[in-house]
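# Observations on the model geometry
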Amino acid sequence: MFSKSFSLLALLGLLQSNLLSASNEVLYNSCRFCHGEKGEVTYLGKVEPIKRLDKTALATLLQSYKKGEIDQIGLGKLMQAQIANFSDADIEQLSAYIASF
Ligand code: HEC
């Protein structure tokens, strides 16, 4: 009896944590088209591979793009559109994921 309800609780907990936070792959999904599967692409021959950046640098850059504060090769608006719908928590998670490449 006890073990049955315990495993049901564990299952619910699993489902809940999956619903609450998007997976790393889902967050990174749109990025791969320009930055590569593992952040290894030099986009347009100008944007250096993003896998070289650490978590703090990534989070800072992404927050700045979101606010429209940076424009390194004249395509800041394009990057702003990519990151516009990411929450602060999404940006933290995504930055840690890219830094792990
Ligand atoms: C349509 C192509 C495209 C997509 C999709 C895209 N980016 Fe970018 N990204 C760019 C371009 C272009 C720049 C340079 C913009 C500028 O500053 O002029 C850039 C810049 C960056 C930089 C800064 C790189 C550096 O060296 O300073 C980071 C970090 C980054 N993108 C992460 C992401 C992440 C994370 C995603 C997915 C949420 C993403 N990008 C989606 C094109 C793209």
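Residues numbered from 1 in each chain as written. Predicted model: local features only at pLDDT ≥ 70, side-chain atom pairs only at ≥ 80, totals over all residues. Heavy atoms only, no water.

## Section: the site of the ligand
Inclusion rule: Whether a residue is near a molecule or strand is decided by its heavy atoms; if any one of them lies within 4 Å of it, the residue is near. The term polar contact refers here to a pair of N or O atoms within 3.5 Å; inside protein, the definition further demands a hydrogen-donor-capable atom paired with an acceptor-capable atom, and it admits residues adjacent in sequence only when both atoms are side-chain atoms. Here a helix means four or more residues in a row that DSSP labels H or I, a strand means two or more in a row labelled E, and each is numbered from the N terminus. When residues are grouped by polarity, Ala, Val, Leu, Ile, Met, Phe, Trp, Tyr, Cys and Pro land in nonpolar, Asp, Glu, Lys and Arg in charged, and all others, Gly among them, in polar.
The immediate surroundings of the ligand are formed by 24 residues, with Cys31, Cys34, His35, Gln72 and Met79 found nearest. At a separation of 3.2 Å, an oxygen atom of the ligand approaches a polar backbone atom of Gly76. Going through the elements one at a time, helix H3 (32-35), helix H4 (55-66), helix H5 (76-83) and helix H6 (88-99) are the ones with two or more residues in the shell around the ligand. The class makeup of the residues in the shell around the ligand is 16 nonpolar, six polar and two charged.

## As for H5
Going by this rule: Using a 1.4 Å probe on the protein chains alone, a residue whose accessible area is under 20% of its type maximum counts as buried, one over 50% counts as exposed, and one in between counts as partly exposed. Note: the arc covers the axis-to-C-beta directions of the helix. We call two residues in contact when some of their heavy atoms are within 4.5 Å.
Within H5, the full set of buried residues consists of Gly76, Met79 and Ile83. Along the long axis of H5, the arc covered by the buried residues comes to 65°, so they all point the same way. In H5, the exposed residues that point more than 90 degrees away from the buried face are Lys77 and Ala81. On its buried face, H5 sits against H3, H4 and H6.

## Quick word on the pattern of salt bridges
Our working definition: Salt bridges are identified by distance alone: a Lys or Arg side-chain nitrogen within 4 Å of an Asp or Glu carboxyl oxygen.
Under the counting rule described, the total for this entry stands at three salt bridges. One salt bridge in this structure joins Arg52 and Glu48, with 3.8 Å as the shortest N-O distance. Linking Glu92 and Lys55 is a salt bridge whose minimum nitrogen-to-oxygen distance equals 2.9 Å. One end of the pair, Glu92, is in helix H6; the other, Lys55, is in helix H4, and 37 residues separate them in sequence. On the basis of relative accessibility, which here comes to 37%, the residue Glu92 falls in the partly exposed class.

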